[in-house]
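# Residue-level structure breakdown
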Amino acid sequence: MKIGIPREVSSEERRVAVVPRTVERLRKNGFEVVLETAAGSRADCSDAKYLEAGGTICDTAADVYAQADIVLKVNPPTAAEAALIRPGTILLSLIWPASQEALIEELAARGVTTIAMDCVPRISRAQKLDVLSALANIAGYRAIIEAANRFGRFFAGQMTAAGRVEPAKVLVIGGGVAGLAAITAARGLGAIVRGFDTRLAVKEQVESLGAEFLVLDFEESGEGEGGYAKVMSEAFLEAEMKLFAEQAIEVDIIITTAMIPGRDAPVLITSGMVETMKEGSVIVDLAAERGGNCALTEKGKVVEHHGVAIIGYTDLPARMPALSSRLYGNALVAMLDEMGGAESMTIDMDNEIVRGSLITHDSAVTWPPPKPEEPSIAPDYSKDFGKRPEPTDEATSVDVPPAKRLPESLSTVIGGIAVVLLLLVIGLWAPASFATHFTVFVLACFVGWQVVWSVTPALHTPLMSVTNAISGIIILGGLLHLSGGSTVSAVVLGAVAVFFATINIAGGFMVTRRMLAMFRR
(Lines give C-alpha, C1' and ligand atoms only; values in the text may rest on other atoms or scores of the structure.)
Protein backbone atom coordinates (compact mmCIF):
# COMPACT_ATOMS: atom_id res chain seq x y z
CA MET A 1 0.00 0.00 0.00
CA LYS A 2 1.14 3.53 -0.75
CA ILE A 3 1.04 6.32 1.82
CA GLY A 4 0.88 9.90 0.53
CA ILE A 5 2.22 12.92 2.43
CA PRO A 6 1.19 16.25 0.86
CA ARG A 7 2.67 19.59 1.87
CA GLU A 8 0.45 21.52 4.29
CA VAL A 9 -1.17 24.36 2.35
CA SER A 10 -1.46 26.88 5.21
CA SER A 11 1.35 29.40 5.09
CA GLU A 12 1.47 29.45 8.91
CA GLU A 13 1.75 25.67 9.28
CA ARG A 14 5.34 24.48 9.73
CA ARG A 15 4.63 20.87 10.63
CA VAL A 16 4.54 17.79 8.39
CA ALA A 17 2.75 14.51 8.96
CA VAL A 18 5.90 12.36 9.03
CA VAL A 19 9.63 12.96 9.46
CA PRO A 20 12.38 10.84 7.84
CA ARG A 21 12.68 8.48 10.80
CA THR A 22 8.91 7.89 10.58
CA VAL A 23 9.30 7.03 6.88
CA GLU A 24 11.84 4.37 7.86
CA ARG A 25 9.34 2.82 10.29
CA LEU A 26 6.59 2.85 7.67
CA ARG A 27 8.89 1.18 5.14
CA LYS A 28 9.77 -1.56 7.65
CA ASN A 29 6.04 -2.11 8.19
CA GLY A 30 5.55 -2.77 4.48
CA PHE A 31 4.29 0.62 3.24
CA GLU A 32 5.55 2.67 0.31
CA VAL A 33 5.79 6.39 1.08
CA VAL A 34 5.22 9.15 -1.46
CA LEU A 35 5.78 12.79 -0.50
CA GLU A 36 5.20 16.12 -2.19
CA THR A 37 8.41 18.04 -2.79
CA ALA A 38 9.36 20.34 0.12
CA ALA A 39 6.68 18.74 2.31
CA GLY A 40 8.91 18.91 5.39
CA SER A 41 11.15 21.85 4.52
CA ARG A 42 9.61 24.05 7.26
CA ALA A 43 10.21 21.27 9.84
CA ASP A 44 13.92 20.94 9.00
CA CYS A 45 13.26 17.81 6.91
CA SER A 46 14.73 18.12 3.44
CA ASP A 47 13.76 16.03 0.41
CA ALA A 48 17.23 14.48 0.50
CA LYS A 49 16.59 13.10 3.99
CA TYR A 50 13.27 11.62 2.90
CA LEU A 51 14.93 9.99 -0.12
CA GLU A 52 17.64 8.58 2.13
CA ALA A 53 14.93 7.11 4.38
CA GLY A 54 13.33 5.33 1.40
CA GLY A 55 10.59 7.77 0.40
CA THR A 56 9.65 8.91 -3.11
CA ILE A 57 9.29 12.60 -4.01
CA CYS A 58 6.53 13.90 -6.33
CA ASP A 59 6.36 17.35 -7.89
CA THR A 60 2.78 18.24 -6.99
CA ALA A 61 0.12 17.40 -4.42
CA ALA A 62 -2.11 16.09 -7.23
CA ASP A 63 0.51 13.43 -7.99
CA VAL A 64 0.58 12.39 -4.32
CA TYR A 65 -3.20 12.11 -4.03
CA ALA A 66 -3.41 10.20 -7.32
CA GLN A 67 -1.05 7.46 -6.07
CA ALA A 68 -1.91 7.26 -2.38
CA ASP A 69 -4.09 4.56 -0.84
CA ILE A 70 -3.65 6.26 2.53
CA VAL A 71 -3.16 10.02 3.02
CA LEU A 72 -1.52 11.38 6.17
CA LYS A 73 -2.02 15.06 7.00
CA VAL A 74 -1.70 17.44 9.93
CA ASN A 75 -4.55 19.89 9.30
CA PRO A 76 -8.03 19.12 7.92
CA PRO A 77 -8.00 19.14 4.10
CA THR A 78 -9.33 22.23 2.37
CA ALA A 79 -12.14 21.96 -0.18
CA ALA A 80 -9.55 21.94 -2.98
CA GLU A 81 -7.55 19.18 -1.27
CA ALA A 82 -10.67 17.12 -0.58
CA ALA A 83 -11.48 17.21 -4.31
CA LEU A 84 -8.12 15.55 -5.04
CA ILE A 85 -8.64 12.57 -2.73
CA ARG A 86 -9.62 9.42 -4.63
CA PRO A 87 -12.71 7.45 -3.55
CA GLY A 88 -11.80 4.58 -1.23
CA THR A 89 -8.76 6.40 0.14
CA ILE A 90 -8.10 6.32 3.90
CA LEU A 91 -7.39 9.76 5.36
CA LEU A 92 -5.67 10.19 8.74
CA SER A 93 -5.55 13.78 9.96
CA LEU A 94 -6.64 16.24 12.60
CA ILE A 95 -10.25 16.90 11.61
CA TRP A 96 -12.06 18.69 14.49
CA PRO A 97 -15.41 17.24 13.32
CA ALA A 98 -17.57 19.44 15.56
CA SER A 99 -16.67 22.48 13.44
CA GLN A 100 -16.14 20.81 10.03
CA GLU A 101 -19.63 19.67 9.01
CA ALA A 102 -19.28 20.71 5.34
CA LEU A 103 -15.91 18.97 5.02
CA ILE A 104 -17.23 15.77 6.60
CA GLU A 105 -20.19 15.67 4.23
CA GLU A 106 -17.84 16.18 1.26
CA LEU A 107 -15.50 13.40 2.37
CA ALA A 108 -18.43 11.04 2.94
CA ALA A 109 -19.87 11.84 -0.50
CA ARG A 110 -16.52 11.02 -2.12
CA GLY A 111 -16.33 7.67 -0.33
CA VAL A 112 -13.30 8.59 1.75
CA THR A 113 -12.66 6.74 5.01
CA THR A 114 -11.66 9.43 7.51
CA ILE A 115 -9.83 8.84 10.78
CA ALA A 116 -9.64 11.89 13.07
CA MET A 117 -6.53 11.78 15.22
CA ASP A 118 -8.08 14.38 17.53
CA CYS A 119 -10.94 11.97 18.32
CA VAL A 120 -8.85 9.07 19.61
CA PRO A 121 -10.58 7.78 22.77
CA ARG A 122 -8.71 8.75 25.91
CA ILE A 123 -8.27 5.25 27.29
CA SER A 124 -5.18 3.55 28.66
CA ARG A 125 -4.66 1.37 25.58
CA ALA A 126 -4.68 4.43 23.30
CA GLN A 127 -2.06 6.50 25.13
CA LYS A 128 0.52 6.11 22.37
CA LEU A 129 -2.04 7.50 19.88
CA ASP A 130 -3.03 10.47 22.05
CA VAL A 131 -2.06 13.33 19.76
CA LEU A 132 -3.87 15.96 21.81
CA SER A 133 -1.79 15.22 24.93
CA ALA A 134 1.46 15.26 22.94
CA LEU A 135 0.61 18.61 21.35
CA ALA A 136 -0.63 20.05 24.66
CA ASN A 137 2.68 19.07 26.25
CA ILE A 138 4.56 21.02 23.60
CA ALA A 139 2.16 23.98 23.88
CA GLY A 140 2.67 24.22 27.63
CA TYR A 141 6.44 24.19 27.29
CA ARG A 142 6.39 26.69 24.44
CA ALA A 143 4.11 29.00 26.44
CA ILE A 144 6.88 29.44 29.01
CA ILE A 145 9.43 30.07 26.25
CA GLU A 146 7.20 32.76 24.72
CA ALA A 147 6.66 34.31 28.14
CA ALA A 148 10.41 34.33 28.83
CA ASN A 149 10.98 36.01 25.47
CA ARG A 150 8.63 38.88 26.44
CA PHE A 151 9.58 39.04 30.11
CA GLY A 152 12.30 41.52 30.97
CA ARG A 153 14.04 39.64 33.79
CA PHE A 154 15.56 36.32 34.74
CA PHE A 155 13.20 33.60 35.87
CA ALA A 156 15.61 32.55 38.63
CA GLY A 157 16.64 34.98 41.33
CA GLN A 158 20.27 36.06 41.50
CA MET A 159 22.50 37.94 43.91
CA THR A 160 25.21 39.82 41.97
CA ALA A 161 27.68 42.57 42.64
CA ALA A 162 25.46 44.87 40.58
CA GLY A 163 22.41 44.14 42.72
CA ARG A 164 19.81 41.57 43.64
CA VAL A 165 17.41 40.13 41.04
CA GLU A 166 14.14 38.74 42.40
CA PRO A 167 12.87 35.44 40.98
CA ALA A 168 9.88 35.60 38.67
CA LYS A 169 6.52 34.47 40.03
CA VAL A 170 4.47 32.35 37.64
CA LEU A 171 0.81 31.36 38.01
CA VAL A 172 -0.41 28.44 35.90
CA ILE A 173 -4.20 28.10 35.72
CA GLY A 174 -5.17 24.57 34.75
CA GLY A 175 -3.46 21.34 35.75
CA GLY A 176 -3.91 19.34 32.56
CA VAL A 177 -1.09 18.18 30.30
CA ALA A 178 -0.33 21.72 29.07
CA GLY A 179 -0.44 23.19 32.56
CA LEU A 180 1.88 20.56 34.02
CA ALA A 181 4.31 21.03 31.13
CA ALA A 182 4.32 24.79 31.77
CA ILE A 183 4.95 24.22 35.48
CA THR A 184 7.86 21.89 34.71
CA ALA A 185 9.44 24.37 32.28
CA ALA A 186 9.01 27.35 34.62
CA ARG A 187 10.48 25.45 37.56
CA GLY A 188 13.38 24.37 35.37
CA LEU A 189 14.15 28.01 34.68
CA GLY A 190 14.13 28.77 38.41
CA ALA A 191 10.83 30.63 38.82
CA ILE A 192 8.51 30.51 41.82
CA VAL A 193 5.50 28.66 40.43
CA ARG A 194 1.94 28.44 41.66
CA GLY A 195 -0.71 26.20 40.13
CA PHE A 196 -4.50 26.08 40.30
CA ASP A 197 -7.14 23.68 39.07
CA THR A 198 -10.74 23.01 39.99
CA ARG A 199 -9.89 19.31 40.26
CA LEU A 200 -8.25 18.60 43.59
CA ALA A 201 -6.92 15.34 42.15
CA VAL A 202 -4.30 17.48 40.37
CA LYS A 203 -2.90 18.82 43.65
CA GLU A 204 -0.35 16.06 44.18
CA GLN A 205 0.86 16.25 40.58
CA VAL A 206 1.43 20.01 40.84
CA GLU A 207 3.23 19.73 44.16
CA SER A 208 5.38 16.85 42.91
CA LEU A 209 6.77 19.23 40.27
CA GLY A 210 7.87 21.70 42.94
CA ALA A 211 5.02 24.19 42.58
CA GLU A 212 2.58 25.51 45.18
CA PHE A 213 -1.01 24.42 44.65
CA LEU A 214 -3.58 27.11 45.42
CA VAL A 215 -6.63 25.67 47.17
CA LEU A 216 -9.99 27.35 47.59
CA ASP A 217 -11.80 26.83 50.88
CA PHE A 218 -14.78 25.46 48.98
CA GLU A 219 -16.23 21.94 48.95
CA GLU A 220 -16.99 21.28 45.28
CA SER A 221 -15.32 18.90 42.85
CA GLY A 222 -14.41 20.11 39.36
CA GLU A 223 -13.86 16.64 37.92
CA GLY A 224 -15.79 16.18 34.66
CA GLU A 225 -16.04 13.44 32.06
CA GLY A 226 -12.83 12.14 30.48
CA GLY A 227 -10.63 13.91 33.02
CA TYR A 228 -11.68 17.37 31.85
CA ALA A 229 -12.94 20.10 34.16
CA LYS A 230 -16.66 20.72 34.43
CA VAL A 231 -18.69 23.93 34.74
CA MET A 232 -18.64 25.07 38.36
CA SER A 233 -21.32 26.75 40.46
CA GLU A 234 -21.69 30.53 40.65
CA ALA A 235 -20.46 30.61 44.26
CA PHE A 236 -17.34 28.65 43.33
CA LEU A 237 -16.64 30.90 40.34
CA GLU A 238 -16.95 33.98 42.54
CA ALA A 239 -14.40 32.59 45.02
CA GLU A 240 -12.17 31.57 42.12
CA MET A 241 -12.22 35.04 40.55
CA LYS A 242 -11.36 36.58 43.91
CA LEU A 243 -8.33 34.30 44.14
CA PHE A 244 -7.18 35.23 40.62
CA ALA A 245 -7.57 38.94 41.38
CA GLU A 246 -5.31 38.56 44.43
CA GLN A 247 -2.73 36.57 42.48
CA ALA A 248 -2.69 39.01 39.54
CA ILE A 249 -1.31 41.70 41.84
CA GLU A 250 1.55 39.45 43.01
CA VAL A 251 2.69 37.37 40.03
CA ASP A 252 4.70 38.37 36.96
CA ILE A 253 3.53 35.74 34.47
CA ILE A 254 0.17 34.02 34.08
CA ILE A 255 -0.34 30.93 31.90
CA THR A 256 -4.00 30.05 31.31
CA THR A 257 -5.07 26.66 29.92
CA ALA A 258 -8.69 26.34 31.03
CA MET A 259 -11.07 24.90 28.42
CA ILE A 260 -14.30 22.93 28.67
CA PRO A 261 -15.16 20.58 25.76
CA GLY A 262 -17.92 21.89 23.53
CA ARG A 263 -17.99 25.38 25.05
CA ASP A 264 -16.19 28.70 24.70
CA ALA A 265 -13.24 29.15 27.02
CA PRO A 266 -14.26 30.67 30.38
CA VAL A 267 -13.02 34.20 31.08
CA LEU A 268 -10.84 33.98 34.19
CA ILE A 269 -8.67 37.11 33.86
CA THR A 270 -10.70 40.29 33.50
CA SER A 271 -9.44 43.58 32.08
CA GLY A 272 -9.46 44.95 35.63
CA MET A 273 -7.12 42.20 36.79
CA VAL A 274 -4.77 42.94 33.89
CA GLU A 275 -4.62 46.59 34.94
CA THR A 276 -3.55 45.59 38.47
CA MET A 277 -0.59 43.58 37.19
CA LYS A 278 2.91 45.06 37.26
CA GLU A 279 4.24 46.64 34.08
CA GLY A 280 6.32 44.17 32.11
CA SER A 281 4.13 41.25 33.17
CA VAL A 282 3.07 38.63 30.62
CA ILE A 283 -0.08 36.57 30.08
CA VAL A 284 0.05 33.57 27.72
CA ASP A 285 -3.47 32.41 26.87
CA LEU A 286 -3.50 28.80 25.63
CA ALA A 287 -7.28 28.96 25.24
CA ALA A 288 -7.11 31.73 22.61
CA GLU A 289 -8.46 29.35 19.95
CA ARG A 290 -11.77 29.14 21.86
CA GLY A 291 -12.05 32.83 22.75
CA GLY A 292 -9.42 32.97 25.48
CA ASN A 293 -9.34 32.90 29.28
CA CYS A 294 -8.35 36.57 29.34
CA ALA A 295 -10.96 39.16 28.40
CA LEU A 296 -8.39 41.07 26.31
CA THR A 297 -6.98 38.12 24.36
CA GLU A 298 -6.99 38.42 20.56
CA LYS A 299 -6.62 35.20 18.62
CA GLY A 300 -3.18 34.83 17.02
CA LYS A 301 -1.94 38.23 18.26
CA VAL A 302 0.02 39.88 21.07
CA VAL A 303 -1.88 42.68 22.79
CA GLU A 304 -0.27 45.33 25.00
CA HIS A 305 -2.50 46.73 27.77
CA HIS A 306 -1.21 48.89 30.63
CA GLY A 307 2.29 47.54 30.07
CA VAL A 308 1.13 43.89 30.17
CA ALA A 309 1.72 41.67 27.13
CA ILE A 310 -1.17 39.28 26.40
CA ILE A 311 -0.06 36.50 24.02
CA GLY A 312 -2.85 34.77 22.12
CA TYR A 313 -0.89 32.54 19.75
CA THR A 314 -2.81 29.50 18.53
CA ASP A 315 0.13 27.76 16.81
CA LEU A 316 2.41 27.06 19.77
CA PRO A 317 3.02 23.39 18.82
CA ALA A 318 3.79 24.50 15.24
CA ARG A 319 6.48 26.83 16.63
CA MET A 320 8.44 23.67 17.45
CA PRO A 321 7.76 21.92 14.12
CA ALA A 322 10.48 19.27 14.17
CA LEU A 323 9.44 17.86 17.55
CA SER A 324 5.71 18.23 16.89
CA SER A 325 6.01 16.44 13.55
CA ARG A 326 8.00 13.58 15.06
CA LEU A 327 5.52 12.96 17.88
CA TYR A 328 2.56 13.32 15.53
CA GLY A 329 4.15 10.88 13.08
CA ASN A 330 4.65 8.35 15.88
CA ALA A 331 0.93 8.52 16.67
CA LEU A 332 0.06 8.00 13.00
CA VAL A 333 2.25 4.90 12.83
CA ALA A 334 0.59 3.54 15.97
CA MET A 335 -2.86 4.14 14.43
CA LEU A 336 -1.86 2.31 11.23
CA ASP A 337 -0.64 -0.60 13.35
CA GLU A 338 -3.96 -0.56 15.21
CA MET A 339 -5.75 -0.83 11.85
CA GLY A 340 -3.78 -3.93 10.87
CA GLY A 341 -0.72 -2.53 9.09
CA ALA A 342 0.12 -2.87 5.40
CA GLU A 343 -0.68 -6.58 5.19
CA SER A 344 -4.17 -6.57 6.73
CA MET A 345 -5.47 -3.00 6.69
CA THR A 346 -9.10 -3.08 7.85
CA ILE A 347 -11.66 -0.83 9.50
CA ASP A 348 -12.62 -2.91 12.52
CA MET A 349 -15.85 -1.57 13.99
CA ASP A 350 -15.27 -3.67 17.10
CA ASN A 351 -11.96 -1.91 17.80
CA GLU A 352 -12.86 0.89 20.22
CA ILE A 353 -9.88 3.01 19.16
CA VAL A 354 -10.63 2.81 15.44
CA ARG A 355 -14.39 3.15 15.89
CA GLY A 356 -14.00 6.13 18.22
CA SER A 357 -11.81 7.94 15.67
CA LEU A 358 -13.85 7.03 12.56
CA ILE A 359 -15.59 10.04 11.00
CA THR A 360 -16.68 8.78 7.56
CA HIS A 361 -16.78 5.28 6.06
CA ASP A 362 -18.61 3.59 3.19
CA SER A 363 -20.00 6.94 1.98
CA ALA A 364 -21.63 7.59 5.35
CA VAL A 365 -20.90 9.88 8.29
CA THR A 366 -20.06 7.69 11.29
CA TRP A 367 -19.40 10.45 13.82
CA PRO A 368 -20.14 10.76 16.68
CA PRO A 369 -19.46 7.14 17.63
CA PRO A 370 -22.02 5.23 19.70
CA LYS A 371 -21.55 5.52 23.42
CA PRO A 372 -19.96 2.42 24.95
CA GLU A 373 -22.36 0.19 26.82
CA GLU A 374 -22.30 0.47 30.57
CA PRO A 375 -20.67 -2.61 32.09
CA SER A 376 -23.36 -4.90 33.40
CA ILE A 377 -23.14 -5.90 37.03
CA ALA A 378 -23.92 -9.54 37.65
CA PRO A 379 -26.73 -10.05 40.14
CA ASP A 380 -25.65 -11.13 43.59
CA TYR A 381 -27.12 -14.56 44.18
CA SER A 382 -25.10 -15.22 47.30
CA LYS A 383 -27.80 -13.79 49.55
CA ASP A 384 -30.37 -16.14 48.02
CA PHE A 385 -28.13 -19.20 48.06
CA GLY A 386 -29.99 -22.11 49.61
CA LYS A 387 -33.41 -20.46 49.38
CA ARG A 388 -36.43 -22.05 47.74
CA PRO A 389 -37.01 -20.28 44.37
CA GLU A 390 -40.30 -18.49 43.96
CA PRO A 391 -42.56 -20.28 41.45
CA THR A 392 -43.49 -18.15 38.43
CA ASP A 393 -46.35 -20.32 37.24
CA GLU A 394 -48.45 -22.78 39.19
CA ALA A 395 -48.39 -25.31 36.33
CA THR A 396 -44.62 -25.32 36.00
CA SER A 397 -43.49 -24.71 39.56
CA VAL A 398 -41.13 -27.33 40.99
CA ASP A 399 -40.52 -27.98 44.62
CA VAL A 400 -36.74 -27.64 44.91
CA PRO A 401 -35.26 -28.63 48.27
CA PRO A 402 -32.94 -26.08 49.84
CA ALA A 403 -29.23 -26.61 49.28
CA LYS A 404 -27.32 -28.00 52.22
CA ARG A 405 -24.71 -25.60 53.45
CA LEU A 406 -23.06 -25.13 56.78
CA PRO A 407 -23.60 -21.71 58.37
CA GLU A 408 -20.53 -19.49 58.30
CA SER A 409 -20.54 -19.25 62.08
CA LEU A 410 -20.44 -23.06 62.41
CA SER A 411 -17.56 -23.30 59.90
CA THR A 412 -15.62 -20.74 61.90
CA VAL A 413 -16.21 -22.66 65.13
CA ILE A 414 -15.07 -25.96 63.58
CA GLY A 415 -11.93 -24.32 62.15
CA GLY A 416 -11.11 -22.78 65.51
CA ILE A 417 -11.55 -26.10 67.33
CA ALA A 418 -9.22 -27.79 64.82
CA VAL A 419 -6.50 -25.18 65.38
CA VAL A 420 -6.80 -25.47 69.17
CA LEU A 421 -6.51 -29.26 68.98
CA LEU A 422 -3.42 -28.99 66.76
CA LEU A 423 -1.77 -26.58 69.19
CA LEU A 424 -2.70 -28.86 72.11
CA VAL A 425 -1.09 -31.86 70.41
CA ILE A 426 2.08 -29.89 69.69
CA GLY A 427 2.22 -28.59 73.26
CA LEU A 428 1.79 -32.05 74.84
CA TRP A 429 4.00 -34.25 72.66
CA ALA A 430 6.40 -31.99 70.68
CA PRO A 431 9.83 -31.09 72.08
CA ALA A 432 10.06 -27.75 73.88
CA SER A 433 12.47 -26.32 71.31
CA PHE A 434 10.09 -27.22 68.46
CA ALA A 435 7.14 -25.65 70.22
CA THR A 436 9.09 -22.41 70.68
CA HIS A 437 10.14 -22.26 67.05
CA PHE A 438 6.64 -23.18 65.88
CA THR A 439 5.14 -20.35 67.92
CA VAL A 440 7.58 -17.86 66.38
CA PHE A 441 6.75 -19.25 62.92
CA VAL A 442 2.99 -18.82 63.39
CA LEU A 443 3.39 -15.28 64.70
CA ALA A 444 5.70 -14.40 61.79
CA CYS A 445 3.14 -15.72 59.27
CA PHE A 446 0.38 -13.69 60.91
CA VAL A 447 2.45 -10.49 60.97
CA GLY A 448 3.56 -10.99 57.34
CA TRP A 449 -0.02 -11.57 56.23
CA GLN A 450 -1.15 -8.38 57.98
CA VAL A 451 1.74 -6.36 56.51
CA VAL A 452 1.02 -7.38 52.92
CA TRP A 453 -2.76 -7.64 52.74
CA SER A 454 -3.43 -4.47 54.74
CA VAL A 455 -1.57 -2.40 52.14
CA THR A 456 -3.34 -0.91 49.11
CA PRO A 457 -2.54 -3.05 46.00
CA ALA A 458 -1.17 0.05 44.23
CA LEU A 459 1.61 0.19 46.86
CA HIS A 460 2.71 -3.42 46.57
CA THR A 461 5.65 -2.50 44.33
CA PRO A 462 7.11 0.06 46.81
CA LEU A 463 6.38 -2.46 49.56
CA MET A 464 8.68 -4.96 47.83
CA SER A 465 11.48 -2.44 48.18
CA VAL A 466 10.74 -1.85 51.87
CA THR A 467 10.81 -5.59 52.65
CA ASN A 468 14.59 -5.47 52.23
CA ALA A 469 14.75 -4.68 55.94
CA ILE A 470 12.67 -7.76 56.84
CA SER A 471 14.78 -9.92 54.55
CA GLY A 472 17.90 -8.64 56.27
CA ILE A 473 16.57 -9.91 59.60
CA ILE A 474 15.88 -13.28 58.02
CA ILE A 475 19.45 -13.47 56.71
CA LEU A 476 20.85 -12.75 60.19
CA GLY A 477 18.72 -15.52 61.65
CA GLY A 478 19.80 -17.90 58.88
CA LEU A 479 23.48 -17.12 59.44
CA LEU A 480 23.11 -17.84 63.16
CA HIS A 481 21.68 -21.28 62.34
CA LEU A 482 24.51 -21.92 59.86
CA SER A 483 27.22 -20.98 62.35
CA GLY A 484 25.80 -22.64 65.45
CA GLY A 485 23.37 -25.21 64.15
CA SER A 486 23.29 -28.31 66.34
CA THR A 487 21.53 -30.50 63.79
CA VAL A 488 21.68 -31.03 60.06
CA SER A 489 18.07 -29.87 59.63
CA ALA A 490 18.85 -26.54 61.34
CA VAL A 491 21.81 -25.93 59.02
CA VAL A 492 19.75 -26.82 55.95
CA LEU A 493 16.88 -24.56 56.98
CA GLY A 494 19.34 -21.73 57.69
CA ALA A 495 20.91 -22.10 54.23
CA VAL A 496 17.48 -22.10 52.55
CA ALA A 497 16.46 -18.96 54.48
CA VAL A 498 19.65 -17.12 53.50
CA PHE A 499 19.23 -18.13 49.85
CA PHE A 500 15.64 -16.96 49.44
CA ALA A 501 16.13 -13.79 51.50
CA THR A 502 19.11 -12.86 49.32
CA ILE A 503 16.96 -13.22 46.21
CA ASN A 504 14.31 -10.99 47.81
CA ILE A 505 16.86 -8.32 48.72
CA ALA A 506 18.37 -8.27 45.21
CA GLY A 507 14.89 -7.96 43.69
CA GLY A 508 13.98 -5.21 46.14
CA PHE A 509 17.01 -3.15 45.16
CA MET A 510 16.22 -3.61 41.46
CA VAL A 511 12.65 -2.40 42.01
CA THR A 512 13.92 0.57 44.03
CA ARG A 513 16.34 1.52 41.29
CA ARG A 514 13.61 1.43 38.64
CA MET A 515 11.25 3.48 40.81
CA LEU A 516 13.87 6.17 41.36
CA ALA A 517 14.72 6.23 37.65
CA MET A 518 11.11 7.23 36.92
CA PHE A 519 11.65 10.55 38.72
CA ARG A 520 15.03 11.41 37.22
CA ARG A 521 15.36 13.76 34.27
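These lines cover the structure that appears in this document, whether it is placed above or below. What you are looking at is a predicted structure, and each value in this text was computed from that prediction instead of being measured.

The next thing to look at is unusual backbone geometry. The peptide bond linking Trp-367 to Pro-368 adopts the cis configuration, its omega dihedral lying at 0°. By secondary structure assignment, the location of Pro-368 is in the loop between β17 (364–365) and α13 (408–429). At Asp-44, a position not held by glycine, the phi torsion is positive, near 60°. Checked against the element boundaries, Asp-44 lands in the loop between β2 (32–36) and α2 (47–52). Owing to a relative accessible area of 58%, Asp-44 belongs among the exposed residues under this scheme.

It is worth spelling out the pattern of salt bridges at this point. Counted under the stated rule, the structure contains 20 salt bridges. The salt bridge partner of Asp-315 is Arg-14, with a shortest N-O separation of 3.7 Å. Of this pair, Asp-315 sits in the loop between β15 (308–311) and α11 (321–338) while Arg-14 is found in the loop between β1 (2–5) and α1 (20–28), placing the two residues 301 residues apart along the sequence. By relative accessible area, Arg-14 is classed as partly exposed at 33%. Of the charged contacts, one joins Glu-338 and Arg-125 as a salt bridge, the two residues approaching to 2.6 Å between their closest N and O atoms. Here the residue Glu-338 occupies a position in helix α11, and Arg-125 occupies one in the loop between β6 (113–116) and α6 (131–150), the gap between them amounting to 213 residues.

Along helix α5 (residues 101–109), the residues classified as buried are Leu-103, Ile-104, Leu-107 and Ala-108. One face of α5 carries all of its buried residues, which in axial projection span an arc of 130°. Seen from the buried face of α5, the exposed residues on the opposite side, beyond 90 degrees, are Glu-101, Ala-102, Glu-105 and Ala-109. Once α5 ends, the next one or two residues include Gly-111, with phi positive near 75°.

When you tally the buried positions in β2, you get 4 out of 5 residues, the bulk of the element. With 4 bridges joining them, β1 and β2 adopt parallel strand pairing. Pairing of Lys-2 across the sheet is with Glu-32, part of β2. Relative to strand β3 (residues 56–58), β2 runs parallel, the two sharing 3 bridges. In the sheet register, Glu-36 faces β3, and the bridge partner there is Cys-58.

What follows covers the pairing of strand β13 (residues 282–285). On β13, burial covers both faces: Val-282 and Val-284 on one face and Ile-283 and Asp-285 on the other are all buried. When strand β12 (residues 253–256) meets β13, the two strands line up parallel, connected through 4 bridges. Its bridge partner being in β13, Ile-255 is matched across the sheet by Val-284. One crossover worth recording links β12 to the parallel β13 by way of helix α10 (residues 271–276), and it is right-handed. Bridge count for β13 against β15 is 3 bridges, and the pairing is parallel. Following the sheet pairing, Val-284 is matched in β15 by Ile-311.

So, on to the sheet that holds β3. Strands sit in the order β3-β2-β1-β4-β5-β6-β16-β17 across an open sheet of 8 strands; the sheet is mixed. Two strands bound the open sheet, and with one partner strand each, they are β3 and β17. Running over the sheet, α11 touches β1, β4 (70–72), β5 (90–93) and β6 and is turned about 145° from β5.

Take a nonpolar patch on the surface next. Together, Val-413, Ile-417, Leu-421, Leu-424, Val-425, Leu-428 and Trp-429 make up a nonpolar patch on the protein surface, roughly 740 Å² of accessible area in all. Locating Leu-428 in the fold gives a position in helix α13. For Leu-428, a relative accessible area of 55% translates into the label exposed.

Strands in a sheet are paired, the pairing made by backbone hydrogen bonds, and the direction either parallel or antiparallel. Reading across the sheet, the 7 strands line up as β11-β10-β9-β12-β13-β15-β14 and stay open at both edges, with mixed pairing between neighbours. A single partner strand is all that each edge strand has here, and the edge strands are β11 (212–213) and β14 (302–305). Contacts between α6 and the sheet are confined to β9 (169–173), β12, β13, β14 and β15, with β13 contributing the most and set at about 155° to the helix. Each of β9, β10 (192–196) and β12 touches helix α9 (residues 234–250); the most contacted strand, β10, lies at about 170° to it.

Take Val-34: it is sitting in strand β2. Overall, Val-34 belongs to the buried group, its relative accessible area being 3%. C-alpha separation for the pair Val-34 and Asp-63, spaced 29 residues apart in sequence, amounts to 9.1 Å. Beyond its immediate stretch of four places on either side in the chain, Val-34 contacts Lys-2, Ile-3, Gly-4, Ile-5, Thr-56, Cys-58, Val-64 and Gln-67.

The rules behind the values
- Residues numbered from 1 in each chain as written.
- Predicted model: local features only at pLDDT ≥ 70, side-chain atom pairs only at ≥ 80, totals over all residues.
- Heavy atoms only, no water.
- Helix = DSSP H or I, 4+ residues; strand = E, 2+ residues; numbered from the N terminus.
- Buried < 20%, exposed > 50% of the residue type's maximum accessible area, 1.4 Å probe, protein only.
- Salt bridge = Lys/Arg side-chain N within 4 Å of Asp/Glu carboxyl O.
- Arc of directions from axis to C-beta.
- Pairing = 2+ DSSP bridges.
- Right-handed = clockwise from strand over helix to strand, strands pointing away.
- Contact = heavy atoms within 4.5 Å.
- Axes fitted to C-alpha atoms, helices over the stretch in contact; angles between N-to-C directions.
- Patch = residues over 30% accessible without salt bridge, like charges linked within 9 Å, V, L, I, M, F, W, Y side chains within 5 Å.
- Areas by Shrake-Rupley, 256 points an atom, 1.4 Å probe, with all protein chains shown as cover.

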